[in-house]
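Examination of the molecular architecture
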Amino acid sequence: MSSEAETTDARAAARDQRRAKRIARSIQSFAARHGGSAEGVVEYVGRNVTRIVLVGADGAWGDQVAPRHEIAVRAAELAGLTLHDSFDGELALKVRTSPYEWSRMAGIQLGGGRAA
């Protein structure tokens, strides 16, 4: 491998590590605001997007988005996030939805948001 390619690879790896650290700080902040800990699932969204779905100890939920699966997994590791293989029933039971989510879900079911 040429020196130029090695430099490019090293820069990309450093950029990915900075992204993972930034996302990890956001995950830790979420956990601190929602009971001190969080669990999550890393899900592919598309070719260049991976989503980390977070569930706080208090049942609040949120997410973080990473440009690649590897960065999302690294961020979760850095944050100390307990990862699940899927958003299964055990994790779903921990989620507490707010009145806002219930009204949004009801609005969708009842035809809310239709174009005039």
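As a reminder, the structure under discussion sits directly above these lines.
The text that follows walks through the structure, step by step, so that each part is easy to find.

Procedures and definitions
Residues numbered from 1 in each chain as written. Predicted model: local features only at pLDDT ≥ 70, side-chain atom pairs only at ≥ 80, totals over all residues. Heavy atoms only, no water. Pairing = 2+ DSSP bridges. Helix = DSSP H or I, 4+ residues; strand = E, 2+ residues; numbered from the N terminus. Axes fitted to C-alpha atoms, helices over the stretch in contact; angles between N-to-C directions. Contact = heavy atoms within 4.5 Å. Core = buried A, V, L, I, M, F, W, Y, C linked by side-chain atoms within 4.5 Å. Buried < 20%, exposed > 50% of the residue type's maximum accessible area, 1.4 Å probe, protein only. Expected span 1.5 Å × (residues − 1). Patch = residues over 30% accessible without salt bridge, like charges linked within 9 Å, V, L, I, M, F, W, Y side chains within 5 Å. Areas by Shrake-Rupley, 256 points an atom, 1.4 Å probe, with all protein chains shown as cover. Salt bridge = Lys/Arg side-chain N within 4 Å of Asp/Glu carboxyl O. Lys, Arg positive; Asp, Glu negative; His and termini not counted. Charge placed at Lys NZ, Arg CZ, Asp CG, Glu CD. Parallel < 35°, antiparallel > 145°, perpendicular 65-115°, else oblique. Left-handed = near helix turned anticlockwise from the far one by under 90°.

**Remarks on the sheet that holds strand β4 (residues 82-84)**
Two strands in a sheet stick together by hydrogen bonds in their backbones, pointing the same way (parallel) or opposite ways (antiparallel). Read across the sheet, four strands follow the order β3-β2-β1-β4 without closing on themselves; strand pairing throughout is mixed. Single-partner strands in this sheet number two, and they are β3 (61-66) and β4. Direction aside, neighbouring strands of the sheet carry axes that sit 30 degrees apart on average. Two strands pair when backbone bridges link them, and strand β1 (residues 38-46) and strand β2 (residues 49-56) are joined in this way by eight bridges, in the antiparallel orientation. Note on β2: the bridge partner recorded for Gly-46 is Val-49. The strands touched by helix α1 (residues 3-33) are β1, β2 and β3; relative to β3, the strand with the most contacts, the crossing angle is about 175 degrees.

**A closer look at the nonpolar core**
If you look at the biggest cluster of nonpolar residues, it comprises 17 residues, and the most contacted ones within it are Ile-23, Ile-27, Ile-52, Leu-54 and Leu-81. Mapped by element, the contributors of at least two residues to this core are α1, β1, β2 and α2 (69-79). The biggest single contributor to this core is α1, with six residues. Apart from the residues lying within four places of it in its own chain, the contact partners of Ile-23 are Ile-52, Gln-64, Val-65, Ala-66, Ile-71 and Ala-75.

**Overview of α1**
The end-to-end C-alpha distance of α1 is 45 Å, a good match for the 45 Å that 31 residues give at a rise of 1.5 Å each. Considered for burial, the residues of α1 that qualify are Asp-16, Ala-20, Ile-23, Ala-24, Ile-27, Phe-30 and Ala-31. Of the surrounding elements, those touching the buried residues of α1 are β1, β2, β3 and α2. Looking one or two residues past α1, Gly-35 carries a phi angle of roughly 95 degrees, positive in sign.

**Some words on a positive patch on the surface**
Among the surface-exposed residues, Arg-15, Arg-18, Lys-21, Arg-22 and Arg-25 lie close enough to one another that they form a single positively charged patch. The residue Arg-18 is located in helix α1 in this model.

**A short note on the packing of α1 against α2**
Taken N-terminus to C-terminus, the directions of α1 and α2 make an angle of 50 degrees; their axes are 8 Å apart at the nearest point. Taken as axis vectors, α1 and α2 run oblique relative to one another. The two elements α1 and α2 cross, and the hand of that crossing is right-handed. Note on element contacts: α2 touches α1 through Ile-71, Arg-74, Ala-75, Ala-76, Leu-78 and Ala-79, opposite Asp-16, Gln-17, Arg-19, Ala-20, Lys-21, Ile-23, Ala-24, Ile-27 and Gln-28.

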